[in-house]
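Reading the structure
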Amino acid sequence: AVAVILVAVNLRPGATSVGPVLAEIQSGLGMGSVQAGILTALPGLTFAVVGALAVAVSRRAGAAWTITLGLGMVAAGLLLRSAAVSPVLFMALTVLAFAGMAMGNILVPAFIKSHGGTRTALLNSVYGTTLAVGATLPLLVAAPLTASASGGWQLSLGVWGLAALAAFVPWILVSVRNRRTAVHLEGTSRPTDRLRITSSRTAVALCVYFGVQSMHAYVQFGWVAQIYRDAGLEQAQAGLMAAILASLGIAGGLIMPALVARAPGLHFYIAGLAAAVMAGYLGLLLAPATLPWLWALLLGIGGFAFPTALALITARSRDPRVTAELSGFCQPVGYLLAAAGPFAIGSLHEATGSWTVPLLILIASAAVMAVAGIIAAAPRFVDDELQRRPA
């Protein structure tokens, strides 16, 4: 249980710790806006590419050893990038760290399922909640660490490498005890079989919903703090607003899976979450410094879409093989959109010189997310739609 908590708390700080000190990183490394946009796109892109390879690695090394390898990559990448002196080296080490996180993202749930026993559900809840905690902590401590006498942005980023190193040691012990723990995806589809999932209306809608909400999440991780700072807020205030936004993921992880499992109809909730996202962006557009905590609160509530999308993958499928196909269809697309979104938003900001056009596009995409979510949440199963598919 301690090992699961330690790895979970280290799967997000490498991404969320950048936003509050992005301006300092750009200044310190001579990084341009386009490079900064690429930096904010790296989490989603790396998760999409490396996540697809994690299971293949685990078949040879075992899930525990693969997670341990991932933690070692996280620790090395985050520690070394805090000492980088060029943008290219900084981004290369960031990719190394994100690759390690991607392995954990894919394999920790499988490890919990294999070893949780009668407490699997409890460990899953702890895991999801700790992920949100790990995403929030860097936003809270970035400003004081950066302002400290021996700090700077290097300390604000490097401390999370030490945290990953602290998790690495217990996971070596876990791996020694579980030398042959491998992930076997028995009965999962061949690559050619995965293409047929696109014939399901529910699957396609859920893919769009998962993808758009992922894009919003990583845009917010990468740019919301900077939007607040450009509006006149101090670094500490901007970091606090981003922390408010991220911390609500803790509540979302606890509330939404149970709601998806028990609520007879989800249309109202999904529409409400999208409306909260639209209202939050509208506030950032019209009066970002007037009620900054309100816009952060609304965006954080809208972020409940992430645990909702994860829960729907299970709730809208019966057969575990269909669940695997559905997850394998939705999550890579989601991470690719998560990679493209921050880069596109940063490029639009640079091209237009303001946040107006990027925020208007984000508002429009929230409407798309609402429509896709309502279709995906309808009480039907992907299994049935695949069975009705013409030969």
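Below or above, wherever it landed, is the structure these notes cover. (Residues numbered from 1 in each chain as written. Predicted model: local features only at pLDDT ≥ 70, side-chain atom pairs only at ≥ 80, totals over all residues. Heavy atoms only, no water.)

**Thoughts on the packing of helix α10 (residues 201-230) against helix α11 (residues 235-262)**
Note the following rule: Each axis is a line fitted through C-alpha atoms, and for a helix only the stretch in contact is used; angles between axes span 0 to 180 degrees, taken between their N-to-C directions. Secondary structure elements are defined from DSSP: runs of H or I of at least 4 residues count as helices, runs of E of at least 2 residues count as strands, and each element is numbered from the N terminus. Note on terminology: angles under 35 degrees are roughly parallel, angles over 145 are roughly antiparallel, angles of 65 to 115 are roughly perpendicular, and the others are oblique. By convention the crossing between two helices is left-handed if the near helix lies anticlockwise of the far one by an angle smaller than a right angle, and right-handed if it lies clockwise. Here, residues are in contact when the closest pair of their heavy atoms is within 4.5 Å.
Closest axis-to-axis distance for the α10/α11 pair is 8 Å, and the angle between their directions is 140 degrees. In terms of orientation, α10 and α11 fall into the oblique class. Of the two possible hands of crossing, α10 and α11 adopt the one that is right-handed. Judged by residue contacts, Gln220, Phe221, Val224, Ala225, Tyr228 and Arg229 of α10 engage Gln235, Ala238, Met241, Ala242, Leu245 and Ala246 from α11.

**Thoughts on empty space enclosed by the protein**
This is how the line gets drawn: Every definition here rests on a 1 Å grid over the protein atoms only: cavities are sets of points where a 1.4 Å probe fits but cannot get out, pockets are open sets enclosed by protein on both sides within 12 Å along at least five of seven lines, and lining residues have some atom within 4 Å of a point. Grid points are joined across faces, edges and corners, and a volume is the space filled by probe spheres set on the points.
Following the criterion strictly, the structure yields one cavity of 30 Å³ or more and no others. Approximately 80 Å³ is the volume found for the largest cavity. Lining of the largest cavity is provided by Ala15, Val18, Gly19, Leu39, Thr40, Pro43, Thr94, Phe98, Tyr218, Phe221 and Gly222. For the lining of the largest cavity, the elements supplying multiple residues, two or more each, are α4 (33-61), α6 (87-115) and α10.

**So, helix α3 (residues 22-29)**
Quick reminder of the rule: We call a residue buried when its accessible area falls under 20% of the maximum for its residue type, exposed when it is over 50%, and partly exposed in between, using a 1.4 Å probe and counting protein chains only. Working note: the arc is built from the helix axis to C-beta atom directions.
Among the residues making up α3, those that are buried are Leu22, Ile25, Gln26 and Leu29. Mapping the buried residues of α3 onto a view down its axis gives an arc of 100 degrees, with all of them on the same face. In α3, the exposed positions angled more than 90 degrees off the buried face are occupied by Ser27 and Gly28. Directly beyond the C-terminal end of α3, a positive phi value near 70 degrees is found at Gly30.

**Some words on the environment of Gly302**
Tracing the backbone shows Gly302 in helix α13 (residues 292-302). Given the relative accessible area of 5%, Gly302 is considered buried. It is 9.0 Å that separates the C-alpha atoms of Gly302 and Ile270, two residues lying 32 residues apart in sequence. When neighbours within four sequence positions are excluded, Gly302 is seen to be in contact with Leu273, Ala276 and Val277.

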